[in-house]
Amino acid sequence: MTDVTAQSLDLKSLQQAYASGHISARDVIREVYKRVEARANDNTWIYLIPEDVALAQLDAADENAPLYGIPFAIKDNIDAAGHPTTAGCPAYAYTSTEDATVVANLQAAGAILIGKTNMDQFATGLVGVRSPYGPAKNAFDARYISGGSSAGSAVAVAAGLVSFALGTDTAGSGRVPAAFNNLVGLKPTRGLISAKGVVPACQSLDCVSIFALTVSDAHAVLDVAASFDADDPYSRQSRLVTASSSPLCIGIPKPDALQAFIQPGYPALYESAITTLEQLGHTVQEVDFTPFRETAELLYGGPWVSERVSAIESFYTDHKNDLHPVLRIILENAERYSAADVFNAMHKLEALRRRCDALWQDIDVLVTPTTSRIFTIDEVGEEPLELNSQLGYYTNFVNLLDYAALALPAGVTADGLPFGITAIAPAWRDALLVNLGIHFQTANNLPLGATQHSLPAASLDSVLTTQKDVIQVAVFGAHLQGQPLNSQLTERAAKLVKTCKTAPAYTFYALSGSQPAKPGLVRVQADGAAIEAEVWEMSTAAFGSFVALVPAPLVIGMVELEDGTWVKGFLCEPYALDDASEITHLGGWRAYLAEG
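Conventions and cut-offs
Residue numbering note: each chain is counted from 1, following its sequence as written. Per-residue local features are limited, in this predicted model, to residues with pLDDT of at least 70; the limit for side-chain atom pairs, both in listing and counting, is 80 or more; totals at the level of whole chains, interfaces and linings are taken over all residues. As a rule here, side-chain values cover all heavy atoms of the structure and leave hydrogens and water aside. Each helix corresponds to a stretch of at least 4 residues labelled H or I by DSSP, and each strand to a stretch of at least 2 residues labelled E; elements are numbered beginning at the N terminus. When we talk radius of gyration, it's over C-alpha atoms, and the globule rule is simply 2.2 Å times the number of residues to the 0.38. Working definition: with a 1.4 Å probe on protein chains only, accessible area under 20% of the residue-type maximum means buried, over 50% means exposed, and in between means partly exposed. When checking whether two residues touch, look at their non-hydrogen atoms; a contact exists if any pair is within 4.5 Å. Here a cavity denotes grid points, spaced 1 Å and computed from the protein atoms alone, that fit a 1.4 Å probe unable to get out, and a pocket denotes an open set having protein on both sides within 12 Å along at least 5 of 7 lines; residues with an atom within 4 Å of a point are the lining. Grid points are joined across faces, edges and corners, and a volume is the space filled by probe spheres set on the points. Whether two strands pair depends on DSSP finding at least two bridges between them. Helix axes are fitted only over the stretch in contact, all axes being lines through C-alpha atoms; the angle between N-to-C directions runs from 0 to 180 degrees. Angle categories are assigned with fixed cut-offs, so that under 35 degrees is roughly parallel, over 145 is roughly antiparallel, 65 to 115 is roughly perpendicular, and the rest are oblique. Here a crossing is called left-handed whenever its near helix is offset anticlockwise from the far helix by less than a right angle, and right-handed whenever the offset is clockwise. Each residue is assigned to one of three groups, with Ala, Val, Leu, Ile, Met, Phe, Trp, Tyr, Cys and Pro labelled nonpolar, Asp, Glu, Lys and Arg labelled charged, and all others, Gly among them, labelled polar. Residues enter patches when they are more than 30% accessible in relative terms and free of salt bridges; like-charged ones are connected within 9 Å and nonpolar ones (Val, Leu, Ile, Met, Phe, Trp, Tyr) within 5 Å. The protein chains shown are the only cover counted for residues, whose accessible areas, like all others here, come from Shrake-Rupley with a 1.4 Å probe. Should a side-chain nitrogen of Lys or Arg be within 4 Å of a carboxyl oxygen of Asp or Glu, the pair is scored as a salt bridge. Positive charges come from Lys and Arg, negative ones from Asp and Glu, while His and the chain ends are left out of the count. For this purpose, a charge sits on NZ of Lys, CZ of Arg, CG of Asp or CD of Glu. Throughout this description, a polar contact denotes any pair of N or O atoms lying within 3.5 Å of each other; where both atoms belong to protein, one of them has to be capable of donating a hydrogen while the other can accept it, and for residues adjacent in sequence the pair is counted only when both atoms sit in side chains. The quantity called pLDDT is the predictor's confidence in a given residue, expressed from 0 to 100. For the purposes of this section, nonpolar cores are sets of buried Ala, Val, Leu, Ile, Met, Phe, Trp, Tyr and Cys residues that join through side-chain atoms within 4.5 Å. Classification of ring pairs uses Phe, Tyr and Trp, with its six-membered ring standing for Trp, and accepts pairs whose centres are within 6.5 Å; under 30 degrees between planes counts as stacked, over 60 as edge-to-face, and the remaining range as tilted.

Peer 1: Hey, could you run me through the overall build of the protein in this one?
Peer 2: In terms of regular secondary structure, the protein is built from 21 helices and 21 strands. The C-alpha radius of gyration computed for the protein amounts to 24 Å, which stays within 12% of the reference 25 Å derived for 596 residues, consistent with globular compactness. Counting only C-alpha atoms, the protein reaches 75 × 55 × 50 Å along its principal axes. Expressed as a percentage of its 596 residues, the buried residues of the protein come to 60%. Looking at the protein alone, contacts between residues at least 24 apart form 76% of all its contacts between residues at least 6 apart.

This is the structure:
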């Protein structure tokens, strides 16, 4: 048996350990509570689920569920049935009678809720110190802020207490804490994850976000967490765009638009991150950051701050003295805005959106530092408003402009303080960010969070190349090694990159009347399975002639692999399934052929 005290909680390592029988999920949950107790003075938690209740969740979970036995935490502005929600304010506390939609989705997938984490009160702040429960202490150096408002969620993941945690993000609260704790912070497209059961901050901008040790983990959680919810007025039907493994054009702010780097070591780490992106085959182009900066200034320098008052209006009216002093100042300042101010700001935002949208004609992704500096807890205490404002320079504009964003760990300074970058793209390009993030995290291969665990070998082995003039394609049937059409690959000097499986999101069919016999792969919304595949690599020129040979009803589209990356691959048009035999349960073409 594996020593559970040394077990990494990243999803791949944990799931591999479960599958091998080296550890049990019950042992992991018990170990989690021991780790939590050992860090009891870090102000990470507001409320812990009793251990016996967590174990009861495990007993009720489906062992075949995608997140079975995976411990997670939620920010304490997210409801969990039968447990208190405070939003960081004891006077506001209530006990919810039902789970937030996102929590229900995760628990249905087998994840085990451990507790609710500390936060800047009412999710107002990027510092993580505006809490009556004390400042959540940075996982690397307790003198420094952990970032907010999702402070405790980030620390819980970075310290190896849970595998992932939910935060919320309005101004950057799912990204700044990730940067300060060497984590991945995924802020998906607004409305992709339901916010029903989440105490609003600015309801029109709020997003549920995900903190994880790896990009693949964050993507796996998003797959489960995302769902359309008719009971959430801001929920949206997914229009996710599949990712391409082709090289990207990455925009970076022009040097004169970069916020001054004050933190020693940060400039070199930022330059190194850009170099890494170039080495991965992407091109870099400087862009005018001015319209993004001007948009960011609207969030707290305009009437959107008034939406924070409306979110808790009755409580605010009767309980001003129960608010954190800094929050009270912010909300009192918000009262000065008129309805005319709101409309004027909305008109200005649309003009800025037009300027920002024009920049996306030339770039695929915008990459910035997540922040240019990290502050000590004492520094923030001396200048609570100004220093908090500085942290939003690269984050505040994202939700106003309806973008998706992915915060990525990008190194640690000589003083032991983490630095991060953020990749940003228009709405529904989440998969593109994930694909880029997997490559970037693998190239850096940093320890996970504040633990000494390394990126799992499975992640290292499965990352796809983004070299120019090379395309990878997944095959599932007659093009496999030893099968009748494999020569169409080898004749084009294609090389086998790896044997793997798809993500568990597909159904598989034996098509009727095809010669030679061929399968059909179809992506589905639910009840899909992982199908065996081979990934081959060939030149762009060879790929063109290869695609010309593909007969109907087969098409070349984008296929998601088990590690969360996307490649070109064979899919099947639905009309051909009427006379086909479903063979999903066999898991692959060779198993089907073996059945005779």
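Peer 1: Explanation requested: the environment of Ala 65 in the structure shown.
Peer 2: Topologically, Ala 65 is positioned in the loop between α3 (51–60) and β2 (71–75). Classification of Ala 65 as buried rests on a relative accessible area of 12%. In this structure the C-alpha to C-alpha distance between Ala 65 and Asp 364, which are 299 residues apart in sequence, comes to 35 Å. Not counting residues up to four positions away in its chain, the partners in contact with Ala 65 are Ala 108, Ala 109 and Gly 110.

Peer 1: Would you explain the layout of surface pockets in this entry?
Peer 2: Take a probe with the size of a water molecule and roll it over the atoms, and the empty space left behind shows itself. Taken as a whole, the second largest pocket holds about 470 Å³ of empty space. Contributing to the lining of the second largest pocket are 21 residues, with Tyr 300, Gly 301, Leu 385, Asn 388 and Ser 389 lying nearest its centre. Elements with a minimum of two residues in the lining of the second largest pocket: α9 (290–301), α12 (325–334) and α15 (384–391).

Peer 1: Any chance you could explain the pairing of strand β12 (residues 403–412) here in plain terms?
Peer 2: Along any regular strand, the residues point their side chains to alternate faces of the sheet. Within β12, nine of the 10 residues are buried, which leaves it mostly tucked inside the rest of the structure. Bridge count between strand β7 (residues 184–187) and β12: three bridges; the pairing is antiparallel. Counted as the bridge partner of Gly 185 is Ala 407 from β12. In terms of strand pairing, β12 meets strand β13 (residues 418–426) through eight bridges, oriented antiparallel. For Ala 404, the partnering residue across the bridge sits in β13 and is Ala 425. Taking the residues that link successive antiparallel strands as the turn, the β12-β13 hairpin has five residues, and the phi of Gly 416 there is positive, at about 80°.

Peer 1: Help me understand the packing of helix α8 (residues 266–279) against helix α17 (residues 430–444), please; the structure alone is not making it clear to me.
Peer 2: Axes are the key here: two packed helices are described by the angle between their axes and the distance separating the axes. One can describe the packing of α8 onto α17 by two numbers: an axis separation of 10 Å at closest approach and a directional angle of 115°. In terms of their interaxial angle, α8 and α17 are classed as roughly perpendicular. Pair α8 / α17 crosses with right-handed handedness. Residues Ala 273, Thr 276 and Leu 277 of α8 touch α17, and the partners they reach there are Leu 436, Phe 440, Ala 443 and Asn 444. Counted by class, the contact of α8 with α17 contains five nonpolar, two polar and no charged residues.

Peer 1: Would you take a moment to explain a negative patch on the surface for this structure?
Peer 2: Together, Asp 378, Glu 382, Glu 383 and Glu 386 give the surface a local cluster of negative charge. Structurally, Glu 383 is set in the loop between α14 (377–382) and α15. Judged by relative accessible area, Glu 383 falls into the partly exposed class, the value being 43%.

Peer 1: Help me understand the side chain of Asp 229, please; the structure alone is not making it clear to me.
Peer 2: Structurally, Asp 229 can be placed in the loop between α7 (215–225) and β9 (249–253). Buried charge Asp 229 goes without a salt bridge, the closest partner of opposite sign being Lys 196 at 5.5 Å. Polar contacts involving the side chain of Asp 229 include one to the side chain of Ser 194, which spans 2.7 Å. Among residues more than four places away in sequence, those in contact with Asp 229 are Thr 101, Ser 194, Lys 196 and Ser 235.

Peer 1: Would you mind showing me how to read the pattern of salt bridges here?
Peer 2: Between side chains of opposite charge, a pair can form as their charged atoms come close. This structure, assessed with the given rule, holds 17 salt bridges. Asp 169 is paired through a salt bridge with Arg 175; the nearest N and O atoms lie 2.8 Å apart. The residue Arg 373 makes a salt bridge to Glu 379 at a minimum N-O spacing of 2.9 Å. When its relative accessible area of 26% is taken as the criterion, Glu 379 is described as partly exposed. By sharing partners, the salt bridges in this structure join Arg 190, Arg 236 and Asp 402 into a single network.

Peer 1: Can you walk me through the confidence of the model for the protein in this structure?
Peer 2: Close inspection of predicted coordinates is inappropriate for parts of the model with low pLDDT. In this model, the protein carries an average pLDDT of 93, and 97% of its residues clear a pLDDT of 70 or more. Confidence drops under a pLDDT of 50 for residues 458–468, and excluding neighbours within four residues, the segment shows 37 contacts in the predicted structure.

Peer 1: How should the nonpolar core be read in this particular structure?
Peer 2: The nonpolar side chains of a soluble globular protein tend to be buried, and buried together. Core analysis: the biggest nonpolar cluster contains 110 residues, and Leu 67, Val 102, Leu 106, Ile 114, Ile 145 and Ile 421 have the highest contact counts within it. With residues near it in sequence (within four places) discarded, Leu 106 still touches Leu 67, Phe 72, Ala 111, Phe 164, Leu 166, Val 221, Val 224 and Ala 225. In this structure, Val 473, Phe 546, Trp 566 and Ala 580 belong to the second largest nonpolar core, which totals 42 residues.

Peer 1: What exactly am I supposed to notice about the packing of aromatic side chains here?
Peer 2: To describe a pair of aromatic rings, one takes the distance between the centres and the angle between the planes. What the rule picks out here adds up to 19 aromatic pairs. Relative to Tyr 403, the ring of Trp 360 has its centre 5.4 Å away and its plane inclined at 80°; by these criteria the two rings are edge-to-face. You can see Trp 360 sitting in the loop between α13 (339–359) and β11 (365–369) and its partner Tyr 403 sitting in strand β12, a full 43 residues away along the chain. Plain terms: the ring middles of Trp 589 and Tyr 592 are 4.8 Å apart, the flat faces sit at 35° to each other, and that makes the pair tilted. Residue Trp 589 and its partner Tyr 592 are both found in helix α21 (residues 589–595); the two are separated by three residues, about one turn of the helix. Assessed through its relative accessible area of 29%, Tyr 592 is described here as partly exposed. Members of the aromatic cluster, joined through ring pairs, are Phe 289, Phe 292, Trp 360, Tyr 393, Tyr 394, Phe 397 and Tyr 403.

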